[in-house]
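Chains, contacts and geometry: an overview
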Amino acid sequence: MIQHLPKKSQSFWLDFTSASNFPSLSQNISVDVAIVGGGLVGINAAKLLKQAGKTVAILEAEEVAAGVSGHTTAKITSLHQLIYADLIKQIGEQKARLYGESNQAAIEQYARIIQSEQIDCDFERKDAYTFASSIENLDKIKDELEAAVQLGLPASFVKETDLPFEIAGAVKFSNQAQFHPRKYVLHLAKTIQGEGSYIFEQTRVKTVEGENPCKVITENGYIVTAQDVIVATNLPILDQGLFFAKSYPQRSYLIGAWIDPAQDPGGMFIGSGQDYHSIRTTPHDGKTLLIIGGKGHKVGEAEDTEILYKQLADYANSTFGVEEIAYRWSTQDMVSFDKLPYIGKLTPFNNHTYVATGFSLWGMSKSMISAMILSDLILGKENPWANLYDATRPTPFVTQESIKQNLDVGIHWVGDRLKGLLDSPEKVGIGEGQVVTENGEKIAAYRDESGTLHKVSAVCSHLGCIVSWNPAEKSWDCPCHGARYNCEGEVIQAPAVSDLKKY
């Protein structure tokens, strides 16, 4: 039985890597390409563009690879749970094959970069599995196998794995990969800085104006002038292209526990059906860390996020005999309604401003695909996958999923204004956060462990929804489009670029 969870949420990937120390932007500069966001998309794109002779500037609001890229499961695979059977039905065999090919190509591009740059990032070739715990989901596994084989992917069917429990069956993709994402980014970042190219941290971008050239305007007033701009902030900070209406934000949770190396199941696993789990391990100083993920939900829709970690811990205990949890952290991604990422021009009217978003929980391969496509577009090269992922493509707004998600946004926008009408800040207990009403205004109030009350506006600075309290992360999360703020109201997740008003 798990006795306790770590009090603080801390990603393993960040815990054992030193903080980066790139400067903040302190003057106006000009480069060929400006990249907003220092995660895997931004760093990979910058690397490819610099190799091609372009000067680049990465503008990161906090630290490189400390956001979504530093909180991932870090599986580099083309096996995305169950997707290929559905893709063939929805978009046809030819496009589904392109999806598979592009994700396979992303794995090999990582391998090439890691080898050529001699990056020590725990890169390992591993098989990936989507498994059915019971006979109930076995038909879907077999459908996925049939589709994957039809598309020429490295798929096979297995009935046994080295997991410590029986399965009904699994589709296995051979020769996939996993790595330490922050070690990878930190190493690659050092190769980008210099020779007219830059990385700036603690530099929040407010907006991008104009084209040919583009002007990237930062919070501190300095401007980066560039011929082309890539916005790689998970959900674009620019409210154009309706990406916030063509996708929805989902949070998921992870725990890490040290296990005996003999318990290592040896692959990367994800379940199917309701309440599935993601399972992998990673080496560290001769030890083995088991990483289990799951319990996903739309941002802002789980009131007790603490219990989700406890449920993951109970699963680790019952399946692997884990008695102590060393790490816990959560992450967030945008899920597109057609499950394809949006990669390309911001709008049909933009020729020099590009985006990458909607990775639908499989960001490792898709961030590299984005870097490959966007660098080709900027360099004027043909790319075989650009049309499939075109960010301006017609999107299925009228589907059961899209109607539900956008209806949810409307319900939150109106209904959440009734939150806390009869509550006041004085009623907020120690360690609690609550939306309350004070002098007719919606207030997000948090009382810290010392009893000090922190009050900020509860109205999200993005598009005006009412935020909700996330007790596990001590953050204010917007249920409409996924913006997040710390308890002081400071932005910690796009698409918001402005802090919440303090009271």
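About the thresholds
- Residues numbered from 1 in each chain as written.
- Predicted model: local features only at pLDDT ≥ 70, side-chain atom pairs only at ≥ 80, totals over all residues.
- Heavy atoms only, no water.
- Helix = DSSP H or I, 4+ residues; strand = E, 2+ residues; numbered from the N terminus.
- Buried < 20%, exposed > 50% of the residue type's maximum accessible area, 1.4 Å probe, protein only.
- Contact = heavy atoms within 4.5 Å.
- Areas by Shrake-Rupley, 256 points an atom, 1.4 Å probe, with all protein chains shown as cover.
- Lys, Arg positive; Asp, Glu negative; His and termini not counted.
- Charge placed at Lys NZ, Arg CZ, Asp CG, Glu CD.
- Salt bridge = Lys/Arg side-chain N within 4 Å of Asp/Glu carboxyl O.
- Phe/Tyr/Trp six-rings, centres within 6.5 Å; stacked < 30°, edge-to-face > 60°.
- Lys NZ or Arg CZ within 6 Å of the ring centre and 35° of its normal.
- Polar contact = N/O pair within 3.5 Å; in protein donor to acceptor, adjacent residues only side chain to side chain.
- Expected span 1.5 Å × (residues − 1).
- Axes fitted to C-alpha atoms, helices over the stretch in contact; angles between N-to-C directions.
- Parallel < 35°, antiparallel > 145°, perpendicular 65-115°, else oblique.
- Left-handed = near helix turned anticlockwise from the far one by under 90°.
- Nonpolar A, V, L, I, M, F, W, Y, C, P; charged D, E, K, R; others polar.
- Pairing = 2+ DSSP bridges.
- Disulfide = S-S within 2.5 Å.

Examining the overall build of the protein chain
Within the protein chain, the regular secondary structure consists of 10 helices and 24 strands. Considering only C-alpha atoms, the protein chain reaches an extent of 65 × 55 × 50 Å along its principal axes. Relative to its full complement of 503 residues, the protein chain shows a buried share of 59%. If you take every contact in the protein chain between residues at least 6 apart in sequence, the share linking residues at least 24 apart comes to 70%. Taken as a whole, the protein chain presents about 20200 Å² of accessible surface, with 49% of it coming from carbon and sulfur. When the 46 basic and 60 acidic side-chain charges of the protein chain are each reduced to a single mean position, those positions are 2 Å apart.

Here we look at the pattern of salt bridges
For the coordinates displayed, the defined rule picks out 13 salt bridges. Across the pair Glu93 and Arg97 runs a salt bridge whose closest N-O atoms are separated by 2.9 Å. Here Glu93 pairs with Arg97, and both are found in helix H4 (residues 93-116), just 4 residues apart, close to one helical turn. Judged by its relative accessible area of 33%, Glu93 falls in the partly exposed class.

What about the packing of aromatic side chains?
Following the criterion strictly, the structure yields 19 aromatic pairs and no others. Seen from their ring centres, Tyr129 and Phe269 are 4.7 Å apart, and the 10° between their planes marks the pair as stacked. Here Tyr129 is found in strand S4 (residues 124-132), whereas its partner Phe269 is found in strand S12 (residues 268-271), with 140 residues between them in sequence. Exposure class is identical for Tyr129 and Phe269. Each is buried. Consider the rings of Tyr198 and Phe200, whose centres lie 5.5 Å apart with planes at 15°: the pair is stacked. What links up through ring pairs into an aromatic cluster is the set Phe12, Trp13, Phe16, Trp258 and Tyr327. Seen from the ring of Tyr342, Lys246 lies directly overhead, with NZ or CZ sitting 4.9 Å from the centre. The aromatic ring of Tyr309 is capped on one face by Arg328, whose charged end is 4.8 Å from the ring centroid.

Notes on the side chain of His481
Looking at the secondary structure, you find His481 in the loop between strand S22 (475-477) and strand S23 (484-486). Of the polar contacts made by the side chain of His481, one reaches the side chain of His462; its length is 3.4 Å.

Overview of H4
Given a rise of 1.5 Å per residue, 24 residues ought to cover 34 Å, and the 34 Å separating the end C-alpha atoms of H4 matches this to within 8%. Immediately beyond the C-terminal end of H4, within one or two residues, lies Gln118, with a positive phi of roughly 55°.

Section: the environment of Leu377
For Leu377, the position within the fold is in helix H8 (residues 363-379). Each C-alpha atom of the pair Leu377 and Gln178 lies 28 Å from the other, and the pair is 199 residues apart in sequence. Those residues within four positions of Leu377 in sequence are excluded, and the remaining contacts are Gly344, Tyr354 and Ala386.

Considering the packing of helix H2 (residues 40-51) against H8
The contact between H2 and H8 brings their axes to 8 Å, and the two run at 40°. In terms of orientation, H2 and H8 fall into the oblique class. In the crossing of H2 with H8, the sense of the turn from one axis to the other is right-handed. Taking contact as the criterion, the partners of Leu40, Val41, Asn44, Ala45, Leu48 and Leu49 in H2 are, on H8, Met364, Ser367, Met368, Ser370, Ala371, Met372, Ser375, Ile378 and Leu379. In terms of residue class, the contact of H2 with H8 is built from 11 nonpolar, 4 polar and no charged.

Regarding the pairing of strand S17 (residues 353-357)
Among the 5 residues in S17, 5 count as buried, and that is most of the element. Residues of S17 alternate between two faces, with Thr353, Val355 and Thr357 on one and Tyr354 and Ala356 on the opposite face, all of them buried. Both strand S10 (residues 223-231) and S17 contribute to a ladder of 3 bridges, which runs parallel. Across the sheet, Val229 pairs through a bridge with Thr353, a residue of S17.

Side note on the state of the cysteines
For the structure on display, the rule yields 1 disulfide. A sulfur-sulfur distance of 2.0 Å marks the disulfide that ties Cys465 to Cys480. Across the S-S bond of Cys465 and Cys480 the torsion is about -90°, and the bridge reads as left-handed. Residue Cys465 is found in the loop between strand S20 (453-457) and strand S21 (468-470), and its partner Cys480 is found in the loop between S22 and S23; the two are separated by 15 residues along the sequence. An identical accessibility class is assigned to Cys465 and Cys480; each is buried.

Considerations on unusual backbone geometry
With an omega of 5°, the peptide bond running from Asn212 to Pro213 counts as cis. When you line up the elements, Pro213 lands in the loop between strand S8 (205-209) and strand S9 (214-218). Omega for the peptide link from Ala494 to Pro495 comes to 20°, which places this bond in the cis form. You can see Pro495 is positioned in the segment after strand S24 (491-493). Positive phi, close to 55°, is recorded for Leu242, a residue that is not glycine. Relative to the helices and strands, Leu242 is located in the loop between S10 and strand S11 (247-259). For Leu242, a relative accessible area of 46% translates into the label partly exposed. Backbone geometry at Asn439 places phi at a positive 55°, although glycine is not the residue there. Judged by its relative accessible area of 77%, Asn439 falls in the exposed class.

Don't take any of this as a statement about function, it's just geometry.
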